[in-house]
Amino acid sequence: MKHQFVIIGGGINGCAAAWLLAAAGEDVLLLEAGEIASGASGGFGRRGVRGNRRDLREMPLMRAAYRIWPTLADQLGAETGYERTGGMSLIEQETTGTKGGLVAADAQAAVQRGLGVPTEVLGRDRVLALEPGVGPEVRAALYCPLDGSADHTATTRAYAAAAEARGATVKEHSAVTAVERSEGRATAVRTAQGQRYEIGQALLVLNNTGAVDLLRDQFDVHLPVWRILPQALRVTPKAAPPMSHLIGHDHRSLSLKALPDGGVMVSGGWRGRWNADLGRGEPIEANVQGNLRAAAEVYAGLADARLDIAETSQPESCSADEIPIIDRIPGTENALVGTGWTGHGFAIAPAVAEALTFWARTGARPDSLAPFSFDRF
Ligand SMILES: Cc1cc2nc3c(=O)[nH]c(=O)nc-3n(C[C@H](O)[C@H](O)[C@H](O)COP(=O)(O)OP(=O)(O)OC[C@H]3O[C@@H](n4cnc5c(N)ncnc54)[C@H](O)[C@@H]3O)c2cc1C
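Given the structure is predicted, the values throughout are model-derived calculations rather than measurements.

What counts, and at which threshold
- Residues numbered from 1 in each chain as written.
- Predicted model: local features only at pLDDT ≥ 70, side-chain atom pairs only at ≥ 80, totals over all residues.
- Heavy atoms only, no water.
- Pairing = 2+ DSSP bridges.
- Helix = DSSP H or I, 4+ residues; strand = E, 2+ residues; numbered from the N terminus.
- Axes fitted to C-alpha atoms, helices over the stretch in contact; angles between N-to-C directions.
- Contact = heavy atoms within 4.5 Å.
- UniProt positions renumbered as here; feature names shortened; annotations may be inferred.
- Phe/Tyr/Trp six-rings, centres within 6.5 Å; stacked < 30°, edge-to-face > 60°.
- Buried < 20%, exposed > 50% of the residue type's maximum accessible area, 1.4 Å probe, protein only.
- Lys NZ or Arg CZ within 6 Å of the ring centre and 35° of its normal.
- Core = buried A, V, L, I, M, F, W, Y, C linked by side-chain atoms within 4.5 Å.
- Polar contact = N/O pair within 3.5 Å; in protein donor to acceptor, adjacent residues only side chain to side chain.
- Expected span 1.5 Å × (residues − 1).
- Parallel < 35°, antiparallel > 145°, perpendicular 65-115°, else oblique.
- Left-handed = near helix turned anticlockwise from the far one by under 90°.
- Near = heavy atom within 4 Å.
- Areas by Shrake-Rupley, 256 points an atom, 1.4 Å probe, with all protein chains shown as cover.
- Nonpolar A, V, L, I, M, F, W, Y, C, P; charged D, E, K, R; others polar.
- Domains from an automatic or database assignment.

K.L.:
Looking at this structure, I do not really get the sheet that holds strand β14 (residues 246–249). What am I missing?
P.N.:
Note on sheets: strands pair through backbone hydrogen bonds, and any given pair is parallel or antiparallel. An order of β5-β6-β4-β14-β15-β16-β13-β19 is seen for the eight strands of this open sheet, with the pairing classed as mixed. Of all strands in the sheet, those bounded by a partner on one side alone are β5 (120–123) and β19 (306–311). Averaged over all pairs of adjacent strands, the angle between their axes in this sheet comes to 25°, without regard to strand direction. In this sheet, β19 lies alongside strand β13 (residues 232–236) in antiparallel orientation, the contact comprising five bridges. Its bridge partner being in β19, A232 is matched across the sheet by E311. Along the sheet, helix α3 (residues 102–114) contacts β4 (87–91), β5 and β6 (140–144); its crossing angle with β6, the most-contacted strand, is approximately 10°.

K.L.:
Explanation requested: the UniProt feature "domain: FAD dependent oxidoreductase" (unreviewed entry) in the protein chain in the structure shown.
P.N.:
Within this numbering scheme, the UniProt entry marks residues 5–358 as carrying the feature "domain: FAD dependent oxidoreductase" (unreviewed entry). The distance separating the terminal C-alpha atoms of residues 5–358 is 12 Å; by composition the span is 28% helix and 29% strand.

K.L.:
Looking at this structure, I do not really get the packing of aromatic side chains. What am I missing?
P.N.:
Where two aromatic rings form a pair, the distance of their centres and the angle of their planes describe that pair. In this structure the tally under the stated criterion is three aromatic pairs. For the ring pair W19 and Y159, a centre distance of 5.8 Å and an interplane angle of 55° mean the geometry is tilted. Taken together, the residues W19 in helix α1 (residues 12–23) and Y159 in helix α5 (residues 152–165) connect sequence positions 140 residues apart. When sorted by exposure, W19 lands in the same class as Y159, which is buried. Considering the side-chain rings of W69 and F346, the 5.3 Å spacing of their centres and the 45° angle between planes classify their relative orientation as tilted. Taken together, the residues span a long stretch of sequence, with W69 in helix α2 (residues 59–76) and F346 in the loop between β22 (335–339) and α8 (349–362) at a distance of 277 residues. The exposure classification of W69 matches that of F346, with both residues buried. Lying over the aromatic face of W274, R227 brings its terminal NZ or CZ to 3.7 Å of the ring centre.

K.L.:
What should I look at first to understand the nonpolar core in this one?
P.N.:
For soluble globular proteins, nonpolar side chains are generally found buried alongside one another. Of all hydrophobic cores here, the largest spans 56 residues; its most connected members are I7, V28, V49, W69, Y159 and L204. When contributions to this core are tallied by element, the ones reaching two or more residues are β1 (2–8), α1, β2 (28–31), α2, α5, β11 (196–205) and α8. When residues of this core are assigned to their parent elements, the largest contribution, ten residues, is made by α2. Beyond its immediate sequence surroundings of up to four residues, Y159 is in contact with I12, C15, A16, W19, L72, L76 and P350. Judged by nonpolar contacts, the second largest core, of 25 residues, contains L203, L214, L223 and A335.

K.L.:
I would appreciate a short explanation of the environment of T85 in the present structure.
P.N.:
Position of T85 relative to the elements: it lies in the loop between α2 and β4. The partly exposed category is assigned to T85, whose relative accessible area is 25%. Sequence separation of T85 and D147 is 62 residues, and the distance between their C-alpha atoms is 6.4 Å. Contact partners of T85, with chain neighbours within four places excluded, come to D147, G148, S244, H245 and L246.

K.L.:
Honestly, the side chain of T96 in this entry has me stumped. Any pointers?
P.N.:
Counting through the fold element by element, T96 comes out in the loop between β4 and α3. Among the residues examined, T96 registers a relative accessible area of 15% and is labelled buried. Polar contacts involving the side chain of T96 include one to the side chain of Q93, which spans 2.9 Å. Each residue touching T96, except ones within four places of it in the same chain, is listed here: G101, D250 and H251.

K.L.:
What am I meant to see in α8 here?
P.N.:
Each full turn of the α-helix corresponds to 3.6 residues, which orients residues three or four apart in the same direction. With 14 residues, α8 should reach 20 Å at 1.5 Å per residue; the first-to-last C-alpha distance of 20 Å fits that figure. Looking only at α8, the buried set comprises A349, P350, A351, V352, A353, A355, L356, T357, W359 and A360. G363 sits one or two residues past α8 and shows a positive phi near 85°.

K.L.:
Quick question: what am I supposed to make of the packing of α1 against α5 here?
P.N.:
If you want to describe how two helices pack, look at the angle between their axes and the distance between the axes. Their axes nearest at 8 Å, the elements α1 and α5 cross at an angle of 30°. Judged on the interaxial angle alone, α5 and α1 are roughly parallel. You can see that α1 and α5 cross each other, and the crossing is left-handed. Facing I12, C15, A16, A18, W19 and A22 of α1, the residues of α5 in contact are T155, T156, Y159, A160, A162 and A163.

K.L.:
Just checking my understanding: could you explain the site of the ligand for this structure?
P.N.:
The environment of the ligand is made up of 33 residues, and the closest members are E32, S41, G48, E316 and A347. Residue G343 places a main-chain N or O atom 3.3 Å away from a nitrogen atom belonging to the ligand. A distance of 2.8 Å separates an oxygen atom of the ligand from a polar backbone atom of A347. Within the complex, 90% of the 1,000 Å² of free accessible area of the ligand lies under protein. If you list the elements that add at least two residues to the shell around the ligand, you get α1 and β3 (47–49). The residue makeup of the shell around the ligand, split by class, is 13 nonpolar, 15 polar and five charged. For the shell around the ligand, the two domains that each supply at least three residues are domain 1 (2–46 + 153–224 + 320–376) and domain 2 (87–145 + 230–313).

Spelled out as structure tokens, the structure:
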């Protein structure tokens, strides 16, 4: 069986790419090892769609993503759960490391504004007017009115369904184990299930943590990328969720999102550990407690919340300089890879997919992808 475009990975990046290619009339096959949205793009809760405090090199992609998100559900014909609530990075200290604290807030806001991410510094009174539940230590916030969150699982499934509706072939339980190459081109892939699919035009490797082994074994390319196991907690507060914005924090590892059913997703950089026997991540109790403590110290309304879920089984790829690698695979002219999202790949995925599929179809790399090349290492 031959397809012009073959995509490996059924997370948001692979599914968005499949939809864009199919919508452009291309012949596309997407192969997913498990089920659609079974990796980092799946699981409970929501994902932040934020420009606030994003790595500055990702801002052009974020600007494009801000444009796409509000109309995406209409374009896909299915819910994404996207809400533009506005987002805050709460500030408690005068200085934090080299980049944080009150002393850096005005400069950070100006830089973000200059890169197309509307940002304001709010003093405590204005923070309280918008977020009355914050604790007494909060002195200010970096506020981005265009930030918000979306239902990542629903969005990923919506992309996959829309891709199929536009003629893409989506195959679950199809783990790619080998890539055939000839004269500097990827010519076919093979799956663990014994299938072989020929590639007409291009191969897109969008299997996140799986790209590391695939590129090493099949392309002899070694990525400075590894697997992390982000921790996500779901709690139910006694009263209504005490926050209405997407909440991040200047110096604490803390991210908070109110969920539509009255729960709150608590995360922000805490990790689980790999359990080799189970073949998946498992929570570390001290990290669960640390994350809950940080949440309760900033929002007293979370102090007596009930812990419902502690999840660490959605593996994510992390790169050496904390921005993704999105590039042509060295030595293979028709194969592109995107990985190393480092915990912030969801928000920009609609824009990454636009840029990547343009590159795959035309052979010309969009400027927005220039910072993410292999040769920066
Ligand atoms: C708990 C948590 C919170 C996060 N919060 C945010 C946030 O607030 N904002 C944000 O922007 N980002 C966030 N992220 C990061 C974001 O979710 C990821 O960067 C993004 O979902 C990556 O999408 P992907 O499609 O590249 O990868 P994935 O969703 O991991 O998809 C890759 C797919 O490839 C499949 N696969 C692997 N190997 C193979 C193979 N050999 N053959 C076929 N298929 C294969 C996997 O099964 C998987 O389904 C968070 C991540 C986690 C885990």
